[in-house]
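Understanding the architecture of this molecule
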Amino acid sequence: MMPFPVTTPGSQQMQPRKHYGISSPISLAAPKETDCVLTQKLIETLKPFGVFEEEEELQRRILILEKLNNLVKEWIREISESKSLPQAVIENVGGKIFTFGSYRLGVHTKGADIDALCVAPRHVDRSDFFTSFYDKLKLHEEVKDLRAVEEAFVPVIKLCFDGIEIDILFARLALQTIPEDLDLRDDSLLKNLDIRCIRSLNGCRVTDEILHLVPNIDSFRLTLRAIKLWAKCHNIYSNILGFLGGVSWAMLVARTCQLYPNAIASTLVRKFFLVFSEWEWPNPVLLKEPEEQNLNLPVWDPRVNPSDRYHLMPIITPAYPQQNSTYNVSVSTRMVMIEEFKQGLAITHEILLSKAEWSKLFEAPSFFQKYKHYIVLLASAPTEKQHLEWVGLVESKVRILVGSLEKNEFITLAHVNPQSFPAPKENPDKEEFRTMWVIGLVLKKPENSDVLSIDLTYDIQSFTDTVYRQAINSKMFEMDMKIAAMHLRRKELHQLLPNHVLQKQKTHSTEGVTLTSLSDSSLDLSADREDSMSVPSPTSTMKTGPVTGSSQGRNSPAPAIMAASVTAVQVTEVSLQRVNPGESLGGASSESIPQTASQPALLPPPKATVARVVSSTRLVNHPPRPSGSTATNIANPIVGV
């Protein structure tokens, strides 16, 4: 028996049963000839994007995992001998490498890394994994770039094995030996385990459950490849920045497969957009009924956990302990994703009617033409190693800034682009590594007023304070690690971004306002027109350093902010075009989407429109906003059944 799941085309199908998931299917219709033709065209469209791996490369991965599996068995046997276990136990002690993530799901792309889990018996400690096993790997000639991250939330050893990057987690089970046919979905394995082992097991358990909960694995895989590519092309693939990560996209595709169990990929892609453009968030997406195992582990349940009631787009993992995989989703990222679902539905309907090809679905929209004004965040460090750590920390906190911006009553949407970009050096003669992220903003006019003036000083200063505080607390901070925030109008983006990034198909502007910085103690937003006076250079920059002493309030001055020129122009009126599937798709959206049990809506997204905004050079001091979520108290929300 192979030591890990092998994913090859034409792998065996799951046994049919009455229905999959928590509700009956929407349709049991079998594929038509046109569906088969469209599916073949979809495969041909996907090939140039590198989403399929050659058989030779797949066999290389299998060989590498076999070698790694043998290393694990050899290491556990050595540990067992050193601890004087009986010879009969040593001969059958086992140990095994399991895979999870995209490789286990069978949807990994060319050159992708492998997520792996080392499972050991009870007499092998985590300390052994990070010492003797680490040393064993270090001596192996095919292992390069070996590093241990023992203090991580989920401790991991990272390495490159014969050119393939692998992340290895560790779990010690309460078993004397590890049998070859061990099924990690067995909940009883979690008894008496420490929390780090439970976290390490979670990836494999969730991945295995997903594969057991879809009617047709091959159709699921092809559909997931298409949806993941679409999400990456449309810049909505990033768990850390508040969009969805790989496991969340897999669960949405799995739910679609459950609702259309006999459909093939071309139909499933279209139905995916139909289902989730109409989904009544925050009703949770569930692949199976949640089960309580009485192991006293925290699970997602808004009836019990008040914090769970504020999750905006819950997608619940199917393995115990059930968790929400999308807790990072914000009002803005949900709005962006729902709009993309609607656009995807419109495009796939055109494909069905032979009015468009599949390639249209994977055309990247131009983020840098979509908005009129942007905030650019820059992170810089003096060395490459420091820069790598610094960028990782800043990126993990960007969603905090987005959440703070969303709470501003005059900001309708704050859309962060998941792709980061190298930033030009401030001083060409100085060694410096710089990365930047770009956030597009949509403003809305205040009620009963033609004046719009927004102070963002506190929001940005609070964000930078949070980043510096964590860097200092984790002893990562070094001198010359910096964060800067600046505004740029759309026509000024060329000063920081290369032309090949900016010169893409222009899309309709979502609104008609732009960003201007006022005074030397605020970042202020005011309206502008595309052909109005331009700001000579992106000088509206806030550079901050670690703040010591007492925390600053909203009206406290920022350490250093450079003044910018001010623009005052006439009104402008633009509204965001929205797709109405019911009108444009000839009734295609008339199917009833099975939701989970009715639940009061949390934080309904505001309409993305701006009308009659007049620019202003007047600074408005807003009172401090209440901390925490703006959602109202909800009476007894329940998990859907």
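Structure first, text after, so check above.
A brief report on the enclosed structure follows. (Residues numbered from 1 in each chain as written. Predicted model: local features only at pLDDT ≥ 70, side-chain atom pairs only at ≥ 80, totals over all residues. Heavy atoms only, no water.)

Throughout the structure, instances matching the rule amount to 28 aromatic pairs. Note on Phe-129 and Phe-130: the rings are 5.0 Å apart at their centroids and 85° apart in plane angle, and the pair reads as edge-to-face. On the basis of relative accessibility, which here comes to 0%, the residue Phe-129 falls in the buried class. Where Phe-272 meets Phe-273, the ring centres are 5.3 Å apart and the plane angle is 80°; that geometry is what we call edge-to-face. Each member of the pair, Phe-272 as well as Phe-273, is classed as buried. Among the aromatic residues, ring-to-ring pairing joins Trp-230, Trp-249, Phe-272, Phe-273, Phe-276, Trp-279, Trp-281 and Phe-341 into one connected group. Geometry around Phe-153 places Arg-199 over its ring, the cationic atom sitting 3.7 Å from the centre. Sitting above the plane of the Tyr-237 ring, Lys-232 keeps its charged end 4.8 Å from the centroid. (Phe/Tyr/Trp six-rings, centres within 6.5 Å; stacked < 30°, edge-to-face > 60°. Buried < 20%, exposed > 50% of the residue type's maximum accessible area, 1.4 Å probe, protein only. Lys NZ or Arg CZ within 6 Å of the ring centre and 35° of its normal.)

Under the counting rule described, the total for this entry stands at 23 salt bridges. A salt bridge links Glu-180 to Lys-73, with the nearest nitrogen and oxygen atoms 2.4 Å apart. Of the two residues, Glu-180 sits in the loop between β5 (164-172) and α6 (195-212) while Lys-73 sits in helix α2 (residues 55-82), which places them 107 residues apart along the sequence. Of the residues examined, Glu-180 reaches a relative accessible area of 30% and is grouped as partly exposed. Taking the relative accessible area as the measure of exposure, Lys-73 reaches 26% and is therefore partly exposed. Salt bridges sharing partners connect three or more residues here, namely Lys-83, Asp-125, Asp-128 and Arg-172. (Salt bridge = Lys/Arg side-chain N within 4 Å of Asp/Glu carboxyl O. Helix = DSSP H or I, 4+ residues; strand = E, 2+ residues; numbered from the N terminus.)

When you tally the buried positions in β5, you get seven out of nine residues, the bulk of the element. As paired elements, strand β4 (residues 156-161) and β5 share five bridges and run antiparallel to each other. Bridging across to β5, Ile-157 finds its partner in Ile-168. Linking β4 back to β5 in an antiparallel pair, the connection comprises two residues, with Asp-162 at a positive phi of about 50°. (Pairing = 2+ DSSP bridges.)

Bringing the environment of Tyr-374 into the picture now. Positionally, Tyr-374 belongs in strand β6 (residues 373-381). When its relative accessible area of 0% is taken as the criterion, Tyr-374 is described as buried. Once the C-alpha coordinates of Tyr-374 and Arg-490 are considered, the two residues, 116 residues apart in sequence, prove to be 7.2 Å apart. Within the local environment of Tyr-374, its side chain forms a polar contact with the backbone oxygen of Phe-368, the two atoms lying 3.3 Å apart. (Polar contact = N/O pair within 3.5 Å; in protein donor to acceptor, adjacent residues only side chain to side chain.)

Time to look at unusual backbone geometry. Each neighbour pair has its own omega, and for Trp-281 with Pro-282 the value is 10°, a cis peptide bond. Here the bond from Tyr-320 into Pro-321 is cis, since omega is -5°, no more than 30 degrees from zero. As for its position among the elements, Pro-321 is in the loop between α9 (265-277) and α10 (331-352). Positive phi, close to 60°, is recorded for Ser-84, a residue that is not glycine. Among the structural elements, Ser-84 can be located in the loop between α2 and α3 (87-91).

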